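Residue-level structure breakdown
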Amino acid sequence: GEGMASVDIKVNFLRPVAGDGSMLEARAKVVHRGRSLTVGTAEVLGADGRPVALATGSAALIGT
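Residues numbered from 1 in each chain as written. Predicted model: local features only at pLDDT ≥ 70, side-chain atom pairs only at ≥ 80, totals over all residues. Heavy atoms only, no water.

**Digging into a nonpolar patch on the surface**
Residues Ile9, Val11 and Phe13 make up a contiguous nonpolar surface patch of roughly 370 Å² in combined accessible area. Summarising the element assignment, Ile9 is placed in strand E1 (residues 2–13). (Patch = residues over 30% accessible without salt bridge, like charges linked within 9 Å, V, L, I, M, F, W, Y side chains within 5 Å. Areas by Shrake-Rupley, 256 points an atom, 1.4 Å probe, with all protein chains shown as cover. Salt bridge = Lys/Arg side-chain N within 4 Å of Asp/Glu carboxyl O. Helix = DSSP H or I, 4+ residues; strand = E, 2+ residues; numbered from the N terminus.)

**Description of the side chain of Ser58**
Mapping Ser58 onto the fold places it in strand E4 (residues 51–63). Within the structure, the side chain of Ser58 is placed 2.5 Å from the side chain of Asp8, a separation counted as a polar contact. Setting aside its immediate chain neighbours within four residues, Ser58 contacts Ser6, Val7, Asp8, Leu37, Thr38 and Val39. (Polar contact = N/O pair within 3.5 Å; in protein donor to acceptor, adjacent residues only side chain to side chain. Contact = heavy atoms within 4.5 Å.)

Distances and angles like these do not, on their own, reveal function.
Pasting the structure below:
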């Protein structure tokens, strides 16, 4: 019974990705979960395992 509202998001695009259909892998984790705010990070890796994008974001927790 909890809702969320986006507060912010930031994405850093580190290098281009080939448009040849190569697989990408995304890894994400919650780095902080407080009573009213949650912060998470995500990393997108190219087929070679090198990061192509990094993201951070936060969301306000809304109790229902």
